[in-house]
Amino acid sequence: MHAIELEKAYSPKDFEDRIYAEWVEKGYFRPYTDEQNPVHNEKKNTNIKYTVVIPPPNVTGVLHMGHGLNNTLQDIVVRYHRMKGDDTLWIPGTDHAGIATQNVVERALKKEGKSRNDLGREKFIERTWEVTKEHHNTIVKQQKKLGNSVDWSRERFTYDEGLSKAVRDVFVTLYERGLMYKGQRLVNWCPRCGTALADDEVDHIDTQGAMYHLYYEYADGSGKIEVATTRPETFFGDTAVAVNPNDERYKSIVGKKVRLPLTGKEIPIIADDYVDMAFGTGMVKITPAHDPNDWEVGKRHNLEVINLLNPDGTLNENVPEKYRGMTCEKARKLVIEDLTEAGLFKNEEKMTHSVGHCYRCKTVVEPYLSYQWFVKMKPMAEKALKAWRDGDIVFYPRKWENTYTHWMENIRDWCISRQIWWGHRIPAWYCDCGETIVSREAPTKCPKCGADASHLKQDPDVLDTWFSSWLWPFSTLGWPENTADLEKFYPTTALVTAYDIIFFWVSRMIMAGLEFTGKAPFHDIYIHGLVRDKQGRKMSKSLGNGIDPLEIIEKYGSDALKFTLSFLCAQGQDVLIDSKTFEMGSKFCNKVWNASRYILGNLEGRTLVPVTDAQLTELDKWIYTELNAAAKAETEALESYRYNDAASAIYEFFWYKFCDWYVEATKLSFWHGDDGEKDRAVSVLLNILEESLRLLHPFIPFVTEEIYAKLPRAEIIENRKKAGAQNILPNETYSDLLVTAPFPRHTKERDDAKVTARFNVLQDLIRQVRGLRNECGIDPASKINIAVHVVPGSDAEVCKEKTDIIKLLAGLSNADFVDAKPKSSIGTVGNGFEAFILLDDNIDKETLKKHFDKDLQKATNDAQRIEAKLGGKFAEHAPREVVQAERDNLAETKRRIEKINSYIEELK
């Protein structure tokens, strides 16, 4: 046959887009049970399913490196299970992202000198749909560039018609079950977004502030008390001062009244266990409308609740007129000035304290009293905890179970109403008669008074974005309709997501799945780390340390990005990278390309032949054993989501075992073998390459698919059948494309412990000789002579049989076997052997002595420096383990000096 040409240089731009288009157009990403999958007839009887729903990216954004990692990890396991023959479905989609999307549109309007109120609700929503569609198209293009093997025919959007129906159904169902209510509560309020936020939508950030100490005078004029606050502008809303009932200092004043500064209003002193006697003066001002803890105290004591804020965060009519309309920050300064003038301000202490900020716009969040819709979470949380205890859900790694259980056990009711326009409108209507109607469809009349629709007004608020995404695993499959996809693919198999949304999303999905389907929505929950820069900082625009995945793909290709991220993704750890990090993945893809190019280029004039077990050399059996081990390691790692272990296993196998050892050693067959041996050797090489590509495909799908298409696959498969070598060369089904080719399976018949042990010794000998050459500074290109002493009966006997391989890979002129150490030689010891470099005419002894003298001087200087360090105060004051490390370093340096001196003696 003729040689098969691969381009000289690996250039992913030349084939990645073409290959992805073919995968999608031909339907290879559809489940096998879908008739539009090209291999439907071959694999339609599969009984095992593997389903994943993609964490939907916000439709307003562009994909960042965090998405790159998350999508890569999903794609790897999805491709792996597809190749295993599982009926695999990966559902794509995007999130309408209520507050985030509205912010984007409002910022654009602001540049035009407009606000959403200028457009009106209907026109604003139309404008938002336009932005959404534009951003959606960008995200889809990016996901295709990443190589996501999702089923695009099943793509969903959290605001599409089907999911909107699911959202309405869930809202009404919760209301019917008594798990949904509307009430006046203290909520987190973002003045910038003008909406309530759930507890987990508030980012607590350490902020510079102050503790202000104020005086409140007794109403009877008998004296004054001291209180402290970080928010002096809110004291206008105080309705009590609290002390601990067990505080002997204050038992006599409980019930007395104090006068609020600057207002003259009188408020009582009350006793409540909430107060910490040891903190400050042991007196706490109580502002029920502006502090969650004060709210609870107020409820216990039936205190008046006075809201001081307008929705935009300015002070309202419940404060003296001079402060009205001011921001809290501006009012704070004026209040302190006025208190000082009145002699009621003591002092301030600078401090750093945790302040809540909106997770979207980073504005300081205010505790704010308002009517909102809430979901009762405790009953659902109890079911979700039971599912975890029963093993229905499993976290990888297990440490995240503690985070999950802590949140579930301390869960609070979920505020789900948002005062914005973009999102699912709350399906509640209010009649003029005061009746509230919650319905799946718009009501035509009031069920209480009979008034027609003109007397009914729908709630203007929309639902929290997470109220739609918590239904994602089953709503994407058609729920609440009983669809074929829902029956076949739900519950899903795995969820792959980052740890920063365990509260927002993961926990809620589990609760929703159990509440509305009776089943946990997935079994495996793999929680990966975040992508950070080399300094461990989170990537952000403000730091300027973000890395655009598309720029990496443009420079190195998608496979380089995917392999690098997976190789670095250890369970429970963040991924630290910079742009240069991706050179590692690029080099590996280059290695795969060049090795394949070499093998295919050696087909000229060759005939592929069946190779039986009996025709395999010991070298062949060794590489099959190593391939078998790699398949086992990758399988076990991917089954437990240990991506870095799987990536390391295939990297180690292909680069070091296959390329550096096996491919190099087979050159002897092409240099010295007859035509029959050359045909046999190239046939085995192609078998190994074909199976290796299948092993590598989940991690580097594009380059492996491109090479796979060049292989003479029909001949390879036919020769396997003829050889009948089931134990060494499994009879695999022919596949047009690698994406659906069978994943290599570990088989016990391939393992050969004896061959492995022998080749481990052979490799050890070659490494030892290479290392000794390097230590002596001998040019790797120069041919040298060695002598080897082998322990009789040991695995090292293989060295006598494989002299040609040793000479080739160690760069030798000759290798003799001896019974004792030769004169004038430098030696090294291994398992069952001693190897000696002969200091003969092939060695430039003068150059070698200069090298040793230089090394000896450096080692001597190092030893003297360490001894001086250990003899000083360092040994007394440094940590014990640090001192011990220096002592170990000294011992190793002295051994090095001893060894170099022995080498110099040999030269004499």
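See the structure above.
Within every chain, residues take consecutive numbers counted from 1 along the sequence as written. Local features in this predicted model are restricted to residues whose pLDDT is 70 or higher, and side-chain atom pairs enter the listing and the counts only when it is 80 or higher, whereas totals over whole chains, interfaces and linings include all residues. As a convention, hydrogens and water are excluded, and side-chain values are obtained from all of the structure's heavy atoms.

## Concerning the sheet that holds strand β29 (residues 833-838)
Hydrogen bonds between backbone groups are what pair the strands of a sheet, and the pairing can be parallel or antiparallel.
And then number 1: A pair of strands is considered paired only if DSSP assigns at least 2 bridges between the two. Every helix listed is a DSSP run of H or I at least four residues long, and every strand listed is a run of E at least two residues long, numbered separately from the N terminus. Spatially, four strands are ordered β27-β26-β29-β28 in an open sheet, and the strand pairing comes out mixed. One side of each edge strand has no neighbouring strand; the edge strands of this open sheet are β27 (812-817) and β28 (825-830). On average, adjacent strands in this sheet sit at an angle of 25° to one another, irrespective of strand direction.
And then number 2: In this sheet, β29 lies alongside strand β26 (residues 784-790) in antiparallel orientation, the contact comprising five bridges. Within β29, the position partnered with Ala 787 by the bridge is Phe 836. Under this scheme, a helix contributes an axis fitted over its contacting stretch, all axes are lines through C-alpha atoms, and angles between N-to-C directions fall in the 0 to 180 degree range.

## Looking at a positive patch on the surface
And then number 1: Patch definition: residues with relative accessible area over 30% and no salt bridge; like charges joined within 9 Å; nonpolar side chains (Val, Leu, Ile, Met, Phe, Trp, Tyr) joined within 5 Å. Per-residue accessibility takes into account occlusion by the displayed protein chains alone, with areas from the Shrake-Rupley method and a 1.4 Å probe. We define a salt bridge as a contact between a side-chain nitrogen of Lys or Arg and a carboxyl oxygen of Asp or Glu at a distance within 4 Å. For the charge count, each Lys or Arg is scored as positive and each Asp or Glu as negative, with His and the chain ends excluded. Think of each charge as sitting on NZ of Lys, CZ of Arg, CG of Asp or CD of Glu. A cluster of basic side chains, namely Arg 107, Lys 110, Lys 111, Arg 192 and Lys 541, defines a positive patch on the protein surface.
And then number 2: Structurally, the position occupied by Lys 541 is in the loop between β24 (531-532) and α16 (549-556).

## Regarding empty space enclosed by the protein
And then number 1: A cavity here means a set of 1 Å grid points, computed over protein atoms only, where a 1.4 Å probe fits but cannot escape. A pocket is an open set with protein on both sides within 12 Å along at least 5 of 7 lines, and lining residues have an atom within 4 Å of a point. Grid points are joined across faces, edges and corners, and a volume is the space filled by probe spheres set on the points. Considering all chains together, one arrives at three cavities of 30 Å³ or more under this definition.
And then number 2: Quantified by volume, the largest cavity comes out at close to 60 Å³.
And then number 3: Listing elements by their share of the lining of the largest cavity, those giving two or more residues are α19 (618-639), α20 (643-672), α24 (753-776) and α26 (803-810).
And then number 4: With four residues, the single largest contributor to the lining of the largest cavity is α24.
And then number 5: We call Asp, Glu, Lys and Arg charged. Ala, Val, Leu, Ile, Met, Phe, Trp, Tyr, Cys and Pro are nonpolar, and the rest, Gly among them, are polar. Grouping the amino acids of the lining of the largest cavity by side-chain chemistry returns nine nonpolar, one polar and no charged.

## Describing the pairing of strand β2 (residues 87-91)
And then number 1: Counting buried positions along β2 gives five out of five residues, so the element sits mostly inside the fold.
And then number 2: Examined bridge by bridge, strand β1 (residues 49-53) and β2 share five bridges and lie parallel to one another. Counterpart to Thr 51 in the pairing with β2 is Leu 89.
And then number 3: Whether a crossover is right-handed comes down to one check: with the strands pointing away from the viewer, does the path from the first strand over the helix to the second run clockwise; if it does, it is right-handed. Taking the sense of rotation as the criterion, the β-α-β connection linking β1, helix α3 (residues 65-84) and β2 turns out right-handed. The cut-offs for exposure are 20% and 50% of the maximum accessible area for each residue type, with area from a 1.4 Å probe on protein chains only; residues under the lower value are buried, those over the upper are exposed, and the others partly exposed.

## With respect to the pattern of salt bridges
Proximity of charged atoms lets side chains of opposite charge pair with each other.
And then number 1: With the rule as written, the count across this model stands at 64 salt bridges.
And then number 2: A salt bridge links Lys 802 to Glu 618, with the shortest nitrogen-to-oxygen separation between them at 3.4 Å. With a gap of 184 residues between them, Lys 802 in the loop between α25 (798-801) and α26 and Glu 618 in helix α19 connect regions that are remote in the sequence.
And then number 3: What makes Lys 802 buried here is its relative accessible area of 18%.
And then number 4: Assessed through its relative accessible area of 17%, Glu 618 is described here as buried.
And then number 5: When the shortest N-O distance is used, the salt bridge between Lys 858 and Asp 862 registers 3.2 Å. In this pair, Lys 858 and Asp 862 both sit in helix α27 (residues 845-871), four residues apart, roughly one turn of the helix.
And then number 6: Here Asp 862 falls in the partly exposed class, since its relative accessible area comes to 21%.
And then number 7: One network of salt bridges, with partners in common, ties together Arg 30, Asp 34, Asp 151, Arg 154 and Asp 485.

## Thoughts on the sheet that holds strand β18 (residues 428-431)
And then number 1: Spatially, β19-β18-β20 is the arrangement adopted by the three strands of the open sheet, whose pairing is antiparallel. Here the strands that pair on one side only, and so sit at the sheet edges, are β19 (436-438) and β20 (456-458). Each neighbouring strand pair of the sheet contributes to a mean axis angle of 30°, computed without reference to strand direction.
And then number 2: Sheet topology places β18 next to β19; three bridges connect them, and they run antiparallel. The partner of Tyr 430 across the bridge, within β19, is Thr 436.

## Some remarks on helix α9 (residues 328-341)
And then number 1: Helix span, as expected, comes to 1.5 Å for every residue beyond the first. Between its terminal C-alpha atoms α9 stretches 20 Å, which fits the 20 Å expected from 14 residues at 1.5 Å a residue.
And then number 2: Any two residues having at least one pair of non-hydrogen atoms within 4.5 Å are treated as being in contact. Among the structural elements, β7 (202-218), β13 (345-358) and β14 (366-375) are those in contact with the buried residues of α9.
And then number 3: Looking one or two residues past α9, Gly 343 carries a phi angle of roughly 75°, positive in sign.

## Notes on the nonpolar core
And then number 1: In this structure, Phe 654 and Phe 658 are the most contacted members of the largest nonpolar core, which totals 151 residues.
And then number 2: Here the element with the most residues in this core is α20; it accounts for 16 residues. Nonpolar cores are built from buried Ala, Val, Leu, Ile, Met, Phe, Trp, Tyr and Cys residues. Side-chain atoms within 4.5 Å join them into one set.

## Comments concerning a negative patch on the surface
And then number 1: Negative charge collects at one region of the surface, where Glu 5, Glu 7, Asp 14 and Glu 604 lie side by side.
And then number 2: One can find Glu 7 in the segment before α1 (16-25).
And then number 3: Using a relative accessible area of 56% as the deciding quantity, one classes Glu 7 as exposed.

## Looking at the environment of Phe 702
And then number 1: Inspection of the secondary structure puts Phe 702 in helix α22 (residues 701-710).
And then number 2: Counting along the chain gives 113 residues from Phe 702 to Cys 589, while the straight-line C-alpha distance between them is 9.8 Å.
And then number 3: Those residues in contact with Phe 702, other than ones at most four positions away along the chain, are Phe 15, Glu 16, Ile 19, Tyr 20, Trp 23, Lys 145, Leu 146, Gly 147, Ser 558 and Asp 559.

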